[in-house]
Amino acid sequence: MKVFVTGGAGYIGTHTLLQLLAAGHELCVFDNFSNASPVALTRVRQLSNRDFDLVEGDIRDAATLRHALADFAPDAVIHFAGLKAVGESNDKPLLYYENNVTGSVNLLAAMDAAGCRRIVFSSSATVYGEAQYLPFDEDHPIAPTNPYGRTKAMVEGVIADWTKATPNASAVLLRYFNPVGAHESGRIGEDPRGIPNNLMPYIAQVAAGRREKLSIFGDDYPTRDGTGERDYIHVVDLAAAHLAALEYAASKTGCEAINVGTGQATTVKELVAAYERASGRSLPVEVIARRSGDVASSCAATAKAADLLRWRSEFGVDAMCESSWRWQSGNPHGFAGD
Ligand code: NAD
Ligand code: UDP
């Protein structure tokens, strides 16, 4: 299949490219490198021993996007490109709406012009907002609590409307839970700019000695040990879910939202303990106040993914931490080391 991959140079994108290339797909990556390094793509080429097209461009630039899609004439699009920092989205909401929502509208218009009717979209469990019950199934009410989450919910709606209005269109909205870990080679992984906002990359940098200690945001939640619980999903499992979603989209029409998680919740303290085992290092932590806006627990219902995509996660938290440590210890400064 010819697959056009927006945001393919990023964390989840690069891991997915490797599996797409291994499966024999022909690819065009479209990325503006606003949160990625070209070195990541060089490493994907090395690891896969395969080549692919690259267009450096911005999804907000409708003309460039239209030309890139028309030139490549894809069978399907995987749409990773977007901004993803919750805190930044509170400070710069218009930047988020423009990048994530306008960019996605441009993409669908360019797909229309190129006659492409199949899309797999990177959505997020954050669209559910505060849990009314757990685990979150796909019918849980959608009530995001920040601008980032609202952009994801809006784009889901735009894609659903486009699917209804476009004959033979097919869309899969993948609602990711908490992607972590790295490729087993340790050559690609998550490379956050500045101070990490998320738990796993922060722990990794503490283990590597780049940060002094981890601050645990609250230990008075109604969970096993009082710290927040999340459904961490290995990025390699998540990448595999995209291949399954592509096949599913090729076999039917319409629009489906599907959770991508493991169904297992892990607390902050449990993840720290797993990372200590993986790295062989003891990690200094301090407990501080809750982070505003955080929920106690989040966890995916996984039946729909198993049923429709025939996909299930394989890796547990130990494998997530081991692969993260291989990446972090081998690349202490991420892709900037090259
Ligand atoms: P990432 O920042 O590593 O990757 C996003 C890629 O998109 C980057 O390569 C960036 O340069 C590119 N990009 C951003 N804006 C662009 C634009 N306007 N034009 C062209 N390229 C642009 O993030 P990721 O973790 O790989 O996430 C990929 C997608 O998955 C995002 O849409 C994100 O919102 C979503 N998601 C991520 C998580 C997570 O925890 N990592 C969770 C749920 C959903
Ligand atoms: N967390 C923490 N310290 C940090 C970062 C996160 O204790 O430096 C906690 C956070 O309160 C939550 C969990 O780790 O319970 C996962 O947070 P993350 O930001 O990675 O994911 P999200 O909250 O967006 O699901």
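Only a predicted model underlies this, so the values are computations on that prediction, with no experimental measurement involved.

Draft legend 1. Main features of the overall build of the protein. Looking only at helices and strands, one finds 11 helices and 13 strands in the protein. Its C-alpha atoms give the protein a radius of gyration of 19 Å, near enough to 20 Å, the size a compact globule of 338 residues would have. Seen along its three principal axes, the alpha-carbon backbone of the protein occupies a region of about 55 × 45 × 40 Å. Of the contacts made within the protein by residues no fewer than 6 positions apart, 81% connect residues no fewer than 24 positions apart. About 14100 Å² of surface is accessible on the protein, with carbon and sulfur atoms providing 47% of the total. Side-chain charges of the protein comprise 31 positive and 40 negative groups, with the mean position of each set lying 1 Å from the other.

Draft legend 2. Geometry of the sheet that holds strand β1 (residues 2-6). The strand order across the open sheet formed by seven strands is β3-β2-β1-β4-β5-β6-β11, and the pairing between neighbours is parallel. Taken across any chain shown, the strands that pair with only one partner, and hence form the sheet edges, are β3 (53-56) and β11 (254-260). On average, each strand axis in the sheet is inclined to that of its neighbour by 15°, with strand direction left out of account. Bridge analysis of strand β6 (residues 170-176) against β11 gives seven bridges, and the strand direction is parallel. If you follow Val172 over to β11, its bridge partner there is Glu256. This element, helix α8 (residues 235-251), spans β1, β4 (76-79), β5 (118-124), β6 and β11 of the sheet and lies at about 160° to β6.

Draft legend 3. Expanded view of the environment of Asn32. Within the secondary structure layout, Asn32 lies in the loop between β2 (26-31) and α2 (38-48). When the C-alpha positions of Asn32 and Gly8 are compared, they lie 9.8 Å apart, and in sequence the two are 24 residues distant. Side-chain polar atoms of Asn32 contact the side chain of Ser34, separated by 2.9 Å. A distance of 3.1 Å separates a polar atom in the side chain of Asn32 from a polar atom in the side chain of Asp58.

Draft legend 4. Broad picture of the pattern of salt bridges. In this structure the tally under the stated criterion is 13 salt bridges. Arg175 is paired through a salt bridge with Glu156; the nearest N and O atoms lie 2.7 Å apart. Residue Arg175 is found in strand β6, and its partner Glu156 is found in helix α6 (residues 147-165); the two are separated by 19 residues along the sequence. Comparing Arg175 with Glu156 shows no difference in burial state: the two are buried. Taking the shortest distance from any N to any O, the salt bridge between Glu256 and Lys304 comes out at 2.8 Å. With Glu256 in strand β11 and Lys304 in helix α10 (residues 303-309), this pair connects stretches of sequence that are 48 residues apart. On the basis of relative accessibility, which here comes to 22%, the residue Lys304 falls in the partly exposed class.

Draft legend 5. Representation of the site of ligand 2. In the vicinity of ligand 2, 14 residues are found, and the nearest of them are Leu199, Ser215, Arg230, Arg291 and Asp294. In this structure, Asn178 approaches ligand 2 through a side-chain N or O atom, which is 2.9 Å from an oxygen atom. Between ligand 2 and Ser215, the relevant distance is 2.8 Å, taken from a nitrogen atom to a main-chain nitrogen or oxygen of the residue. Per element, the largest residue contribution to the shell around ligand 2 is four residues, and it comes from strand β8 (residues 214-217).

About the cut-offs
Residues numbered from 1 in each chain as written. Chains lettered and ligands numbered in written order. Predicted model: local features only at pLDDT ≥ 70, side-chain atom pairs only at ≥ 80, totals over all residues. Heavy atoms only, no water. Helix = DSSP H or I, 4+ residues; strand = E, 2+ residues; numbered from the N terminus. Rg over C-alpha atoms; globule rule 2.2 N^0.38 Å. Contact = heavy atoms within 4.5 Å. Areas by Shrake-Rupley, 256 points an atom, 1.4 Å probe, with all protein chains shown as cover. Lys, Arg positive; Asp, Glu negative; His and termini not counted. Charge placed at Lys NZ, Arg CZ, Asp CG, Glu CD. Pairing = 2+ DSSP bridges. Axes fitted to C-alpha atoms, helices over the stretch in contact; angles between N-to-C directions. Polar contact = N/O pair within 3.5 Å; in protein donor to acceptor, adjacent residues only side chain to side chain. Salt bridge = Lys/Arg side-chain N within 4 Å of Asp/Glu carboxyl O. Buried < 20%, exposed > 50% of the residue type's maximum accessible area, 1.4 Å probe, protein only. Near = heavy atom within 4 Å.

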